[in-house]
Amino acid sequence: MRSTTKKLVKELLYDYPLLSQRIKLREEELRHPVFPTDENVGGGRTSKKDADGRLVNMIVTLEEDEELQALKRQQTVIEYTFNHSDELTQQIIDRCFFHGHNNMTIGALVDQGIVPCERTAAYKYLNAFMAEVARGLGLKYV
């Protein structure tokens with residue numbers, strides 16, 4: 001896996017605990033759009049009218065919003081990959097990425113005996129998980 005893909009997947013894993021909040025926030029933004037008030041009252045034509053003079057407002061639905069769909073896809077792929085991984089991989093990923101500011105490194109997990117394997121084996125589990133997430137997101141060749 002390329003280093004840029006690995007960095008992107010790591011960022012997605014670090015952001016995973018906040019994805020549900022970001023999804024809810026984006027859904028609220030789409031359900032209750034905020035339109036800027038027109039400061040130019042009475043002057044000139046509005047740019048929101050079509051040729052017939054009708055107001056045209058495009059409201060993006062929840063299914064059409066690309067950002068929302070990307071967030072949901074990330075959450076689904078990470079959850080699926082995590083749930084279908086073995087217990088040791090789940091422990092490594094959980095301690096390295098899902099504990100906010102208390103995240104640990106692979107070296108610390110092995111040195112403290114939290115993960116019952118060697119450092120190289122722990123990195124193999126981590127890299128296999130990240131490759132599966134990248135494949136699920138379609139980032140295999142990025």
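Located above this text is the structure these notes cover.
Broken down by element type, the protein chain carries six helices and zero strands. Going residue by residue from the N terminus, the α and β elements of the protein chain occur as α-α-α-α-α-α. Burial status across the protein chain gives 30% buried among its 142 residues. Across the protein chain, the fraction of contacts at a sequence separation of at least 24, relative to all contacts at a separation of at least 6, is 64%. Working note: accessible area of the protein chain is about 10,100 Å², and carbon and sulfur atoms make up 51% of it.

If you look at the biggest cluster of nonpolar residues, it comprises 32 residues, and the most contacted ones within it are L13, I92 and F98. Listed by contribution, the elements that provide at least two residues to this core are α1 (3-15), α2 (19-31), α3 (66-83), α4 (87-97), α5 (106-111) and α6 (119-136). Here this core takes six residues from α6, the largest share from any one element. Residues in contact with I92, not counting those within four places in the same chain, are I106, L109, V115, A122 and Y125.

Basis of the calculations
Residues numbered from 1 in each chain as written. Predicted model: local features only at pLDDT ≥ 70, side-chain atom pairs only at ≥ 80, totals over all residues. Heavy atoms only, no water. Helix = DSSP H or I, 4+ residues; strand = E, 2+ residues; numbered from the N terminus. Buried < 20%, exposed > 50% of the residue type's maximum accessible area, 1.4 Å probe, protein only. Contact = heavy atoms within 4.5 Å. Areas by Shrake-Rupley, 256 points an atom, 1.4 Å probe, with all protein chains shown as cover. Core = buried A, V, L, I, M, F, W, Y, C linked by side-chain atoms within 4.5 Å.

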